[in-house]
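# Coordinates in review
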Amino acid sequence: MSEEFGGEFITLTDEEGNEFELEYCTTVEYNGTVYMAFLTVTEGDEDTSSEEVDEESEDGGLVILKVVQVDGEDQLSTLDDEAEMEAVYELVMEDLFAEDEEE
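Counting from 1, residues in each chain are numbered in the order their sequence is written. At least 70 in pLDDT is required for a residue's local features to be given in this predicted model, at least 80 for side-chain atom pairs to be given and counted, and no such filter applies to totals for whole chains, interfaces and linings, which use all residues. Computation of side-chain values covers all heavy atoms of the structure but excludes hydrogens and water.

### Some details on the nonpolar core
We define the nonpolar core as a collection of buried residues of types Ala, Val, Leu, Ile, Met, Phe, Trp, Tyr and Cys that are connected through side-chain atoms lying within 4.5 Å of one another. Between buried and exposed lies partly exposed: a residue is buried under 20% and exposed over 50% of the maximum accessible area for its type, with that area taken using a 1.4 Å probe on protein chains only. By size, the foremost hydrophobic cluster in this structure holds 12 residues: C25, V28, Y35, A37, L39, L62, I64, L79, V88, V92, M93 and L96. For helices the rule is a DSSP run of H or I covering at least 4 residues; for strands it is a run of E covering at least 2, with both sets numbered from the N terminus onward. Contributions of two or more residues to this core are made by β2 (19–30), β3 (33–40), β4 (62–70) and α1 (82–102). Top element by residues in this core is α1. It accounts for four residues. Those residues in contact with I64 that sit more than four places away from it in its chain are Y35, M36, A37, L79, M85, V88, Y89 and V92. Contacts are assigned to residue pairs with any non-hydrogen atoms lying within 4.5 Å of each other.

Here it is in structure tokens:
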């Protein structure tokens, strides 16, 4: 993804009605399912990049969500299975590092 024009941002609402903003990183496929990776955006962030590291989090605020079909519409869902999360995380990291090497 080119950062020439800035990142792509989405706002999600959780089950308790809290809204939070995420910056899109990449999309990967694992076992026929599509997953999207995002970085969390905190107040005051002008430009969040995959190279920034959140001091509280080893993964820098990386959020991986699964694309699921609900009533014929695509929705994002959290991953509940630890093995699935680890496998998808590895694919996301490989994809992000491959993009860095191309630049």
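### Points about the pairing of β2
In this scheme, strands are said to pair when DSSP sees at least two bridges between them. Looking at chain direction, strand β1 (residues 9–13) and β2 are connected through five bridges and run antiparallel. Within the sheet, the bridge partner assigned to I10 lies in β2 and is L22. Once β1 ends, the chain turns through five residues before running back antiparallel as β2, passing G17 with a positive phi of about 85 degrees. Direction of pairing for β2 relative to β3: antiparallel, over a ladder of eight bridges. What sits directly across from T27, in β3, is M36.

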